[in-house]
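Residues per chain, in single letters:
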Amino acid sequence: MSLDISHLSKIHEGDAEQSDIRIFSDITCRVETGRFLSIVGPSGCGKTTLLRIIAGLEPASGGQVLLDGEVVRGRDQRVGLVFQEYALFPWRTAIRNIEMGPEIAGVPPDERRAAAMQYIRAFDLNGFEHAYPKALSGGMKQRVAIARTLIMNPRVVLMDEPFGSLDSQTRNDLQNFLMTLWTRRKDTVLFVTHNVDEAVYLSDQIMVLSKKPTHILKIFDVSAPRPRDRTSRESNRVRKAILDLLAGPS
Ligand SMILES: Nc1ncnc2c1ncn2[C@@H]1O[C@H](COP(=O)(O)OP(=O)(O)OP(=O)(O)O)[C@@H](O)[C@H]1O
Ligand SMILES: [Mg+2]
């Protein structure tokens, strides 16, 4: 499913004390079906706000979001979300966190348990299905959070710094895990990250945003074949170009 972001803008309206705050304007891009686009940009430039608007969790001040050419209004079940702060429910075990979506959708207990078990196996969580989140490592918790989203079979997946709180080795492992998964599923992915290396390793395209008032500085294509070599000439070239752009004119 393709995702079009068309001239999106966001203004937080001020009041008597404060004037309006323009967060971003004229954000336009297209993510083709099954492509992986990352968004990088300075802290506070509006990346989370952009994802929340695309997810239908808050309104835009202008512009539209389209799925396969149709305007999206509000929350759409075809769009799945994995947010860093999307904490697991601490009172539910791993498997009960994963099967929560099907449970709310009224899927019978046997059926949803079988579906959740498939994710437990595929996500290397065997033996931890009945553990509570506090007994899981950071990487495991994030795999449960991803499973909880994917079990609903979204066509577009929005991820907001999903690996931001992990140590670098766990982060690399989960990047590889995500790539294996995505190569098989070919969901359309929009992935926000602070980490340029991560964006270069994962993405087909990388949207680089400016400081506020935010606009698109450039959209890079990354054509290196996968699985990628993190230190290849192509990876280094794109990484340097993005870092130079973010650093601004010297
Ligand atoms: N209700 C509000 N009123 C005014 N400004 C707001 C409001 N909510 C958010 N903002 C501002 O919007 C901007 C964008 O915030 P957002 O969280 O989207 O940035 P971000 O790019 O995700 O940052 P980070 O990289 O730190 O996660 C911030 O500067 C924030 O201060
Ligand atoms: Mg953010």
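None of the values given here were measured: they were computed from a predicted structure.

Each value, and the rule that gives it
- Residues numbered from 1 in each chain as written.
- Chains lettered and ligands numbered in written order.
- Predicted model: local features only at pLDDT ≥ 70, side-chain atom pairs only at ≥ 80, totals over all residues.
- Helix = DSSP H or I, 4+ residues; strand = E, 2+ residues; numbered from the N terminus.
- Rg over C-alpha atoms; globule rule 2.2 N^0.38 Å.
- Buried ≥ 20, exposed ≤ 12 C-beta atoms within 10 Å, placed from the backbone.
- Pairing = 2+ DSSP bridges.
- Contact = placed C-beta atoms within 7 Å.
- Axes fitted to C-alpha atoms, helices over the stretch in contact; angles between N-to-C directions.
- Near = placed C-beta within 6 Å.
- Nonpolar A, V, L, I, M, F, W, Y, C, P; charged D, E, K, R; others polar.
- Arc of directions from axis to C-beta.
- Domains from an automatic or database assignment.
- Expected span 1.5 Å × (residues − 1).
- Core = buried A, V, L, I, M, F, W, Y, C linked by C-beta atoms within 7 Å.

Chemist: Looking at this structure, how should I read the overall build of the chain?
Modeler: The helix and strand tally for the chain stands at 8 helices and 10 strands. Computed over C-alpha atoms, the radius of gyration of the chain comes to 19 Å, within 12% of the 18 Å expected from 2.2 N^0.38 for 250 residues, which places it in the range of a compact globule. With respect to the principal axes defined by its C-alpha atoms, the chain has extents near 55 × 50 × 35 Å. The proportion of buried residues among the 250 residues of the chain is 34%.

Chemist: Could you clarify how one ought to interpret the sheet that holds strand S1 (residues 3-12) in this entry?
Modeler: Across a sheet, strands are paired by hydrogen bonds formed along the backbone, either parallel or antiparallel in direction. Read across the sheet, 4 strands follow the order S2-S1-S4-S5 without closing on themselves; strand pairing throughout is antiparallel. On the outer flanks of this sheet lie strand S2 (21-31) and strand S5 (70-71), each paired with one strand and no other. Strand direction decides the pairing type here: S1 and S2, joined by 7 bridges, are antiparallel. Residue pairing across strands places isoleucine 5 opposite cysteine 29, the latter belonging to S2. Against the sheet, helix H1 (residues 47-54) contacts S1, S2 and strand S4 (62-67), and its axis sits at roughly 120° relative to S1.

Chemist: Would you mind going over the site of ligand 1 with me for this structure?
Modeler: Surrounding ligand 1, one finds His12, Ile21, Ile23, Ser43, Gly44, Cys45, Gly46, Lys47, Thr48 and Thr49. Only S2 and H1 provide two or more residues apiece to the shell around ligand 1. Take the shell around ligand 1: its biggest share by element is 3 residues, from H1. Across the shell around ligand 1, the residue classes tally to 3 nonpolar, 6 polar and 1 charged.

Chemist: Please clarify how H1 should be interpreted in this entry.
Modeler: Residues lying three or four places apart along an α-helix face the same way, a consequence of the helix completing one turn every 3.6 residues. Turning to H1, its buried residues are Lys47, Leu50, Leu51, Ile53 and Ile54. Axial view of H1: buried residues confined to an arc of 160°, hence all on one face. Backbone geometry just after H1 places glycine 56 at a positive phi near 80°.

Chemist: In this structure, what is going on with the domain arrangement of the chain? I would like to understand it.
Modeler: Where interface size is quoted, it is often the accessible area lost as the parts come together. Considered domain by domain, the chain is made up of domain 1 (26-78 + 154-250) and domain 2 (87-153). Distance between the C-alpha centres of domain 1 and domain 2: 25 Å. Per-element tally for the side of domain 1 that touches domain 2: the top contributor is helix H6 (residues 168-185), with 3 residues. Along the lines of polarity and charge, the residues of the side of domain 1 that touches domain 2 split into 6 nonpolar, 3 polar and 1 charged.

Chemist: When you look at H6 in this model, what are you seeing that I'm missing?
Modeler: Spanning 18 residues, H6 covers 25 Å between terminal C-alpha atoms, matching the ideal 26 Å at 1.5 Å per step. Of all the residues in H6, the buried ones are Arg171, Gln175 and Leu178. Along the axis of H6, the buried positions cluster into a sector of 65°, meaning they face one direction only. In H6, the exposed positions that point more than 90 degrees away from the buried face belong to Gln169, Thr183 and Arg184.

Chemist: Whenever I open this one, the nonpolar core confuses me. Can you help?
Modeler: In globular proteins that are soluble, nonpolar side chains generally tend to be buried together. Ile54, Ile98, Ala147, Leu158, Leu190 and Ile206 are the most contacted members of the largest nonpolar core, which totals 58 residues. Residue-level mapping places this core at the junction of two domains, with at least three residues from each of domain 1 (26-78 + 154-250) and domain 2 (87-153). Leucine 190 has contacts with Leu3, Val31, Leu37, Ile39, Leu51, Ile54 and Leu158, leaving out every residue within four places of it along the chain.

Chemist: Quick question: what am I supposed to make of unusual backbone geometry here?
Modeler: The phi angle of most residues is negative, glycine excepted, and most peptide bonds adopt the trans form. Of note, the amide linkage connecting lysine 212 to proline 213 takes the cis form, showing an omega dihedral of -5°. Topologically, proline 213 is positioned in the loop between strand S9 (205-209) and strand S10 (216-221). For the bond running from arginine 226 to proline 227, omega is -5°, close enough to zero to count as cis. Within the fold, proline 227 resides in the loop between S10 and helix H8 (233-247). Located in the positive-phi region is aspartate 68, a residue other than glycine, with phi close to 45°. Position of aspartate 68 among the secondary structure elements: in the loop between S4 and S5. Even without a glycine there, the phi angle at lysine 186 is positive, about 55°. Of note, lysine 186 is situated in the loop between H6 and strand S8 (188-192). For lysine 186, a count of 12 C-beta atoms within 10 Å puts it in the exposed group.

Chemist: Is there a simple way to think about the environment of alanine 114 in this case?
Modeler: With respect to the secondary-structure elements, alanine 114 resides in helix H4 (residues 109-122). Classification of alanine 114 as exposed rests on a count of 12 C-beta atoms within 10 Å. C-alpha of alanine 114 to C-alpha of leucine 66: the two residues are 48 residues apart in sequence and 33 Å apart in space.

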